[in-house]
2 protein chains.
Amino acid sequence: MPNSEPNSEPNSEPNSEPHAQPPRARRFARRTRAMEASAIREILKVAASPDVISLAGGLPAPESFPLDLMPGLLQAVLTRHGAAALQYDASEGFRPLREALAPHLAARGVEATAEQVLVTSGSQGALDGIGKVLISPGDVVVMEAPTYLGALQAFNPYGPRYVQVETDEEGLLPASLEAVLARERVAFVYAVPTFQNPTGRTLSRERRIQVARILQQHDTLLVEDDPYSDLRYVGEALPPVRALAPEHVVYLGTLSKTFAPGLRVGFCVAPAEVQRLLVIARQGVDLHTSTLSQALAAEYLEGGHLDARLPATLDLYRPRRQALLDAFERHLPEGFRWTRPDGGMFLWVQGPHGHGRPPLDTERLYQRAVLRGVAFVPGRHFYVDGDSPAARASMRFNFTASEPEILDHAVRLLAEAIDEELAAQA
Amino acid sequence: MPNSEPNSEPNSEPNSEPHAQPPRARRFARRTRAMEASAIREILKVAASPDVISLAGGLPAPESFPLDLMPGLLQAVLTRHGAAALQYDASEGFRPLREALAPHLAARGVEATAEQVLVTSGSQGALDGIGKVLISPGDVVVMEAPTYLGALQAFNPYGPRYVQVETDEEGLLPASLEAVLARERVAFVYAVPTFQNPTGRTLSRERRIQVARILQQHDTLLVEDDPYSDLRYVGEALPPVRALAPEHVVYLGTLSKTFAPGLRVGFCVAPAEVQRLLVIARQGVDLHTSTLSQALAAEYLEGGHLDARLPATLDLYRPRRQALLDAFERHLPEGFRWTRPDGGMFLWVQGPHGHGRPPLDTERLYQRAVLRGVAFVPGRHFYVDGDSPAARASMRFNFTASEPEILDHAVRLLAEAIDEELAAQA
């Protein structure tokens, strides 16, 4: 940065002046090299164009938000808490919300007292805290392949070395996990066992029991990220791994899918010594989650609104999931396979690769698809190392943010782009 | 952590069983050693007891919060933005808030377009981001002595080596800053130039000009933390250092003191390449600040409510500041000195030290004061190395959260505790 006059314009371009010094490069922290702008962010920017049908993002449908309830919730908050709803509060979270979350968690099999529940700034806030207190540079973190991109973004600045465990239609392979833990001392294992992002896959009941046993045998922590389990459209709920190995799991949840993501209210239940450090870390990061957001969330839960409204949200999303499945069946050419998840927000498509022919390149397909007016996320972004043919031939589709007819139309456009790409490859 | 059965209680105490394995220590990130629970947190817990008058915290008066406006602000937000106020949003901040902040900033001399304004989760969120993108382990960060505790908490996990610059009644000494920068390559300088926390001191106009010149000459970044400049009770506003060296300052502000801290809305203006990395860091930390908080803040600013209500807040705090100054004058014994700031939330008291007699130990004084029903923060917590006699004899007092008569009563109790402590020393 050249020395500038006190009143120089911040946007002046010093190099356009004949005798300007070349700007000296600002030195940033070494960890910023692991923090480059996510490609998904650029993809979502393109996808936000009004000319494009975006199946790329992970947005809940705005029609699912309880706009009509908000004035009443605010009135209840102001009446009950007054100025406390606008004041600084404890890093652990707003007490009435922690109390309302305890039975909400118990209903899904996570037994915890209010004192054991931490409120976080979305699940993302918990992921950042976990990275901060558990990862020393070079420590091994075990991830599913593919895995949630936001977890990679949270952990990367803390310098982990990732080791991937294999997955199939029933989620991560216990034998693969066991092999890794036998070989390496790890900081923790990260997984989304239910309706995973990006694949939609769910870890089977048998495997949950096996994973809990492996965690205990190797005295290893699992970070169980569970944002989607409330969004089940068919089938029966499975116990969280936390219920099977409570001392070996940091359990994360969120109200982003069942109340509103813009409030940034997530929650976390962790073994006591991990919780203690997560609270200390919070003090340096943002002090606490918005008190007003937390107080509104407490009213929403206590007033029974989440339970009352969830069926309507499921009724909204269930036909969208079916519409996307039907559209894949109807329009995608031979050689494509996709997941059929019982819940969540995403389907995962595996394009042709192997068998002697060149793998589909979904980055190139993305460019063609956007020109035709449809966007998705190329699958390689969900891998620690996305260069395998299978990774390069995969892609993620969201179904919660679009109506059924739109989904069908979008897949028809996608199929045209696929034809074009396969013809160009041949 | 011992291996436990799948269904064991999370709170069971395995060591009480005769043959339990000794728990294996969980391994935490090395950086957690620099993140121990702040003593101030324990102090604030004691101070929160209903039997104690707390001058320890840094809370705005709850009577300053616009509770009456909240329903109208929410209605305006829902009418104007609908579901967008509850949806995920950009990491940079909610566009209408960034647009409303640009003129708010310009009024204090910070020229920035809406695109140059980042919204953060309080100023704390900006401090964490700055630590993350600017501090590699071992990098030098320059701090005032004493300095803001929350900045130390934000930076510590990133492993800086602190170098302190000397300060006097007019803030940091430019010659001391210049000497440090001549000697060391530094990541950045951190300062609160206006109504500093903890001292209440303000960097004089002449020194601001000198500091701006020094930053430019050494091509060094200043993190200018400015949470209090709106809270000026007497005298005239000074230009922020940002106005004098725009390319060398990351400027931080907050609505915590002029709207409500519980919304967690801060803001930041940084040189372009720093801003870019701060945005990327945000994606991993919490995605973005509560959209609803931001939308309410935008309405508050656009509707002219901040400007309309600020005079009443100043009228509330001005007599409190005067009451605390008067009480010190009336009750504190000889040998005590204190700051007389023109604004902000804190006064700083320097107890006797040096001149051959043992320095006052404000940690011990704190214990005596709490027993009598009054709390403050011992000054050593605001120093990187708080073991000097001057640091140990200093203490911080907040005046915004207590009424004038309470302040007088509290200082009377404090003076009794001081008499007792000095007698015990003699």
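Note that the coordinates shown come from a computational prediction; the quantities given were computed from them, not determined experimentally. (Residues numbered from 1 in each chain as written. Chains lettered and ligands numbered in written order. Predicted model: local features only at pLDDT ≥ 70, side-chain atom pairs only at ≥ 80, totals over all residues. Heavy atoms only, no water.)

J.: What is the right way to look at the interface of chain B and chain A in this model?
T.: One frequently used descriptor of interface size is the decrease in accessible area upon assembly of the parts. At the interface, 98 residues of chain B touch 98 residues of chain A. Buried surface at the junction of chain B and chain A, both sides included, amounts to about 8,600 Å², of which 52% is carbon and sulfur. Considering only the side of chain B, the residues that lose the most area to chain A are B:Arg27, B:Leu86 and B:Tyr88, jointly responsible for 8% of the buried surface there. Counting the contacts that link chain B with chain A gives four salt bridges. The residue A:Arg27 makes a salt bridge to B:Asp139 at a minimum N-O spacing of 3.7 Å. Counting every contact that joins chain B to chain A gives 34 residue pairs in polar contact (both at pLDDT 80 or more). The set of elements that each furnish at least two residues to the side of chain B that touches chain A consists of helix H2 (70-81), helix H4 (122-134), helix H5 (149-155), helix H7 (205-217), helix H8 (241-244), helix H9 (272-285) and helix H10 (291-302) of chain B. In terms of residue count, the dominant contributor to the side of chain B that touches chain A is H9(B) (ten residues). (Contact = heavy atoms within 4.5 Å. Buried area = accessible area lost by both parts, 1.4 Å probe. Salt bridge = Lys/Arg side-chain N within 4 Å of Asp/Glu carboxyl O. Polar contact = N/O pair within 3.5 Å; in protein donor to acceptor, adjacent residues only side chain to side chain. Helix = DSSP H or I, 4+ residues; strand = E, 2+ residues; numbered from the N terminus.)

J.: Got a minute to help me understand the side chain of B:Glu92 in this structure?
T.: By the secondary structure assignment, B:Glu92 is in the loop between H2 and helix H3 (95-107). Owing to a relative accessible area of 16%, B:Glu92 belongs among the buried residues under this scheme. Not counting the four nearest positions on each side in its chain, B:Glu92 is found in contact with A:Arg41, B:Arg98, B:Val117, B:Leu118, B:Val119 and B:Val279. (Buried < 20%, exposed > 50% of the residue type's maximum accessible area, 1.4 Å probe, protein only.)

J.: Hey, could you run me through the domain arrangement of chain A in this one?
T.: All names here are of chain A. The assigned domain composition of chain A is domain 1 (39-59 + 308-425) and domain 2 (79-303). Between the C-alpha centres of domain 1 and domain 2 there is a distance of 27 Å. Listed per partner, the contact involves 25 residues of domain 1 and 24 residues of domain 2. Buried surface at the junction of domain 1 and domain 2, both sides included, amounts to about 2,200 Å², of which 67% is carbon and sulfur. (Domains from an automatic or database assignment.)

J.: I would appreciate a short explanation of the sheet that holds strand E15 (residues 394-398) of chain A in the present structure.
T.: The strands that make up a sheet are held in pairs by hydrogen bonds between backbone atoms, and each pair lies either parallel or antiparallel. All names here are of chain A. Read across the sheet, four strands follow the order E11-E12-E15-E14 without closing on themselves; strand pairing throughout is antiparallel. In this open sheet, the two strands that pair with only one neighbour each are strand E11 (337-338) and strand E14 (377-378). Of the strand pairs in this sheet, E14 and E15 are connected by two bridges, and their pairing is antiparallel. Residue Val-377 lies in a different strand from E15, and its bridge partner there is Arg-396. Running at roughly 15 degrees to strand E12 (residues 346-350), helix H11 (residues 305-331) makes contact with E11, E12 and E15 of the sheet. (Pairing = 2+ DSSP bridges. Axes fitted to C-alpha atoms, helices over the stretch in contact; angles between N-to-C directions.)

J.: In this structure, what is going on with the relation of the copies chain B and chain A? I would like to understand it.
T.: With an RMSD of 0.0 Å, chain B superimposes on chain A once it is rotated by 180 degrees and translated 0.0 Å along the axis. Such a turn and shift between the copies fits a two-fold axis. Comparing interface residues between copies, 100% of those in chain B also lie at the interface in chain A; the contact surface is shared. (Least-squares fit on C-alpha atoms with pLDDT ≥ 70 in both.)

J.: What's the story with the packing of aromatic side chains in this structure? I'm lost.
T.: One pair of aromatic rings is described through two measures. These are the centre distance and the angle between the planes. Residues and elements named next belong to chain A. Taken as a whole, this structure holds 24 aromatic pairs over all chains when the rule is applied. For the pair Tyr-228 and Phe-346, a centre-to-centre distance of 6.1 Å together with 85 degrees between the ring planes defines the contact as edge-to-face. Separated by 118 residues along the polypeptide, Tyr-228 in the loop between strand E8 (222-225) and helix H8 (241-244) and Phe-346 in strand E12 bring together distant segments of the chain. Given a relative accessible area of 4%, Tyr-228 falls into the buried group. A relative accessible area of 2% means that Phe-346 is categorised as buried. (Phe/Tyr/Trp six-rings, centres within 6.5 Å; stacked < 30°, edge-to-face > 60°.)

J.: Would you take a moment to explain the environment of A:Val241 for this structure?
T.: Residue and element names in this part refer to chain A. Relative to the assigned elements, Val-241 resides in helix H8. Taking relative accessible area as the criterion, Val-241 reaches 0% and is therefore assigned buried. Considering only alpha carbons, one finds Val-241 and Gly-109, 132 residues apart in sequence, at a separation of 9.2 Å.

J.: Can you help me understand helix H7 (residues 205-217) of chain A in this one?
T.: Count 3.6 residues to each turn of an α-helix, and residues three or four apart come out pointing the same way. Residue and element names in this part refer to chain A. If you check H7, its first and last C-alpha atoms are 19 Å apart, about what 13 residues at 1.5 Å a residue would give, namely 18 Å. Listing the buried residues of H7 in full gives Arg-207, Arg-208, Val-211, Ala-212, Ile-214, Leu-215 and Gln-216. Those residues of H7 that are buried lie in contact with strand E5 (167-168), strand E6 (171-172), helix H6 (174-183), E8, H8 and strand E9 (249-254). Positioned one or two residues after H7, Asp-219 has a phi angle of 45 degrees, which is positive. (Expected span 1.5 Å × (residues − 1).)

J.: Please clarify how the side chain of B:Ser123 should be interpreted in this entry.
T.: All names here are of chain B. Looking at the secondary structure, you find Ser-123 in helix H4. Of the polar contacts made by the side chain of Ser-123, one reaches the backbone oxygen of Gly-253; its length is 3.3 Å. Beyond its immediate sequence surroundings of up to four residues, Ser-123 is in contact with Asp-225, Leu-252, Gly-253, Thr-254 and Gly-266.

J.: How should I be thinking about the pattern of salt bridges in this particular structure?
T.: Opposite charge on two side chains makes pairing possible when the charged atoms of those side chains draw close. For the structure shown, the criterion picks out 58 salt bridges over all chains. One continuous salt-bridge network, built from bridges that share partners, spans A:Arg364, A:Arg368, A:Arg372, A:Glu416, A:Glu420 and A:Glu421.

J.: Would you take a moment to explain the sheet that holds strand E7 (residues 186-191) of chain A for this structure?
T.: Residues and elements named next belong to chain A. If you trace the seven strands from one edge of the open sheet to the other, you get E2-E10-E9-E8-E7-E3-E4, paired in mixed fashion. Lying at the two open borders of the sheet, with one neighbouring strand each, are strand E2 (117-120) and strand E4 (161-165). For this sheet the average axis-to-axis angle between neighbouring strands, irrespective of direction, equals 25 degrees. Sheet analysis places E7 next to E8, joined by three bridges and oriented parallel. Residue pairing for E8: Ala-191 is matched across the bridge by Glu-224. Helix H3 (residues 95-106) contacts E2, E9 and strand E10 (266-269) of the sheet and is inclined by roughly 110 degrees relative to E2. Each of strand E3 (140-144), E4 and E7 is contacted by H6, which is oriented at about 145 degrees to E4, the strand it contacts most.

J.: Looking at this structure, how should I read H10(B)?
T.: All names here are of chain B. Its twelve residues place the ends of H10 16 Å apart at the C-alpha level, agreeing with the 16 Å of an ideal helix rising 1.5 Å per residue. Buried residues dominate H10, accounting for eleven of its twelve residues. Here H10 has its buried residues at Thr-291, Leu-292, Ser-293, Gln-294, Ala-295, Leu-296, Ala-297, Ala-298, Glu-299, Tyr-300 and Leu-301. Just downstream of H10, Gly-304 is the residue with a positive phi angle, here 75 degrees.

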